[in-house]
Amino acid sequence: MKIKYIILAVLTVLSIAAIDQFHVIFQPIEVIPIDHTIVQPDYDYLVDHRALQMNETYDLKIDELYNTFGFHDIEYAYDKTIVTINKYGEVIPLQPGITNLSITLLTINKYGRTLKKDINYGTIHVIDSNYDNYTLIDSAFKFWDYISLNPSGNYIIGSDLDFSSKKGEFLISYFSGVLINPYGYELTNIHLSGPSEVSIFKYLDHAYINGLIIKDSSTTIINNPLDQRSPRGAAIVAYHANNSYLTNIHVEGTVNGSSNLAGIISIFYYSRLESASFVGEFITNANHLNTVGGLVAYATNSDFENVYSRSVVTGNVFKLGGLFGEFVQSDIQKGYAVVETDASLIEHFGSFAAANTTLFTNNQIQYVYTIGNVGLSGFGVAGSHILSDIESLKTGEPLEGLEAFDFVEGVFPELHNHFNN
């Protein structure tokens, strides 16, 4: 008889206390014996990626840094054509674009030596708040044609898009621009297939995407018996994302293949995903090592906030995770996962990430509500909560930390609607 485990993981954030998370480096200018202690404050406001509208400012909270560290001088490093920083430590946008931001705190120790402390604030995406400055996309053809011809442009989705007549291995091979969908229009009937790297976007590089609602869609890896190489992966939104920021991404569909499958993105490096979900099915026909993650197959040096996945997994899987196949040196706050599968077909299973994934010391995870094995080797149980059954998520009672979710009796929690519809 087929045995099914239904797994649930709900996660909220561990207040970030490790200086290493923000790439803070304590370096003496001269090599001398120094007696010092590195303070470990709470820096919830430091993130690797931040979106800033043209009419917004971002407070670096210099006063808090001074009260924590004490310093005699401060130096900034950023693209002065994209933003400026005033005397109060406020970041002010100058024009749309992308800039990295770091600061150096200079101080004098008790030996009279100058020390510096570098803090990397990551990437700031300055977004144009004037919709008239975006190229309008109001058809499936324009979505493919416009973005393919100018992959670094700014685009706004202006209507529901039906992709019934558009099929292929992927729609967009490369994207490094801005794509927004402020009114929550839907993209439907996206059915892509190919031998590998099957997705809407093949590569996202320093891209900003706000608002993809994808329904009734699928990606399928079609194996070529003459090609002995292993398929590299399939996901509905993108195969690979690097230094990108995605928010308000909601996908419903099916991912079918033999290797490295994910609901949203297969490989996720140095990027941020927030307010995102996948609801659907994974169908695997693996005859070799493969990895499946509800949201992401491989997450490295990335952060996630307010995310969830509800999936049914059919077929053999070597490594299966409710949210991630592998989760390395990354952070997550506020989310849950529900997985239904035949446990006898899964080699390494975890409701959060695959069972043989190692928990690195600078992964930030806390408050895991789960039924079954979380999956991370070395993952502590402190602060975790085990629900009695799947219905415990449908009581309508809010769960701690999930303020961005709506709780209604009898249904799974959903994220608040952030669109202007």
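Residues numbered from 1 in each chain as written. Predicted model: local features only at pLDDT ≥ 70, side-chain atom pairs only at ≥ 80, totals over all residues. Heavy atoms only, no water.

**Some details on the packing of aromatic side chains**
- Overall, the coordinates contain 16 aromatic pairs when judged by the stated rule.
- Here tyrosine 131 and tyrosine 183 contribute two aromatic rings whose centre-to-centre distance is 6.3 Å and whose plane-to-plane angle is 80°, an arrangement assigned as edge-to-face. Of this pair, tyrosine 131 sits in the loop between strand E9 (114-127) and strand E10 (135-137) while tyrosine 183 sits in the loop between strand E15 (178-180) and strand E16 (186-188); the two residues are 52 residues apart in sequence, bridging distant segments of the chain.
- Among the residues examined, tyrosine 183 registers a relative accessible area of 37% and is labelled partly exposed.
- A centroid spacing of 6.1 Å and a plane angle of 80° characterise the contact between tyrosine 203 and tyrosine 239, whose relative ring orientation is edge-to-face. (Phe/Tyr/Trp six-rings, centres within 6.5 Å; stacked < 30°, edge-to-face > 60°. Helix = DSSP H or I, 4+ residues; strand = E, 2+ residues; numbered from the N terminus. Buried < 20%, exposed > 50% of the residue type's maximum accessible area, 1.4 Å probe, protein only.)

**A short note on the pairing of strand E23 (residues 265-269)**
- For E23, the buried fraction is high: four of the five residues fall into the buried class.
- Here strand E20 (residues 238-242) runs beside E23; their pairing, made up of four bridges, is parallel. Bridged to alanine 238 within E23 is isoleucine 265. (Pairing = 2+ DSSP bridges.)

**Here's the deal with the sheet that holds strand E7 (residues 90-93)**
- The strand order across the open sheet built from three strands is E4-E7-E6, with neighbouring strands paired in antiparallel fashion. Among the strands making up the open sheet, the edge pair consists of strand E4 (58-59) and strand E6 (83-85).
- Pairing analysis gives three bridges linking E6 to E7, with the strands arranged antiparallel. By the bridge assignment for E7, threonine 84 is matched with isoleucine 92.

**Topic: the sheet that holds strand E25 (residues 291-293)**
- Read from one edge to the other, the open sheet built from four strands follows the order E22-E25-E28-E31, with strand pairing classed as parallel. Each edge of the sheet is formed by a strand with only one pairing partner; in this case those strands are strand E22 (261-262) and strand E31 (346-350).

**Description of the pattern of salt bridges**
- Tallying each qualifying case throughout the model produces nine salt bridges.
- For the salt bridge of arginine 272 with glutamate 305, the shortest nitrogen-to-oxygen distance reads 2.5 Å. A residue pair is termed long-range when its members are at least 10 positions apart, and arginine 272 in strand E24 (residues 272-284) and glutamate 305 in strand E27 (residues 303-314) qualify at 33 residues. In terms of burial, arginine 272 and glutamate 305 fall into one category: buried.
- For the salt bridge of glutamate 326 with lysine 319, the shortest nitrogen-to-oxygen distance reads 1.9 Å.
- For lysine 319, a relative accessible area of 9% translates into the label buried.
- It is possible to trace a salt-bridge network through shared partners that takes in Arg272, Glu274, Asp303, Glu305 and Lys334. (Salt bridge = Lys/Arg side-chain N within 4 Å of Asp/Glu carboxyl O.)

**What about the confidence of the model for the chain?**
- Averaged over all residues, the pLDDT of the chain equals 79, while 76% of them reach at least 70.
- Across residues 1-47 the pLDDT falls below 50, and counting only partners more than four positions away or on other chains, this stretch makes 149 contacts in the model. (pLDDT = per-residue confidence, 0-100. Contact = heavy atoms within 4.5 Å.)

**Some points on the nonpolar core**
- Grouped together as the largest cluster of nonpolar side chains are 61 residues, with contacts concentrated most on Phe143 and Phe201.
- For phenylalanine 143, the residues in contact, after removing those within four places along its chain, are Ile137, Leu161, Phe163, Leu171, Ile172, Leu179, Leu187, Ile200 and Phe201.
- Formed by 19 residues, the second largest nonpolar core is a distinct cluster that contains Phe71, Ile82, Ile103 and Val126. (Core = buried A, V, L, I, M, F, W, Y, C linked by side-chain atoms within 4.5 Å.)

**Quick notes on helix H1 (residues 62-69)**
- Taken residue by residue, H1 has Ile62, Leu65 and Phe69 as its buried positions. Viewed end-on, H1 has its buried residues packed into an arc of 55°, placing them on one side of the element. Exposed side chains of H1 directed beyond 90 degrees from the buried face belong to Asp63 and Asn67.
- Summarising the contacts, the buried residues of H1 are in contact with strand E5 (73-77), strand E8 (97-108) and E9.
- Following H1 by one or two positions, glycine 70 has its phi on the positive side, about 75°. (Arc of directions from axis to C-beta.)

**Description of the pairing of E24**
- Most of E24 is tucked away: ten of the 13 residues are buried.
- Of the pairings in the sheet, the one linking strand E21 (residues 245-257) to E24 comprises twelve bridges and is parallel in character. Within E24, the position partnered with valine 251 by the bridge is phenylalanine 278.
- Strand direction decides the pairing type here: E24 and E27, joined by eleven bridges, are parallel. Along E27, the bridge assignment pairs phenylalanine 282 with valine 313.

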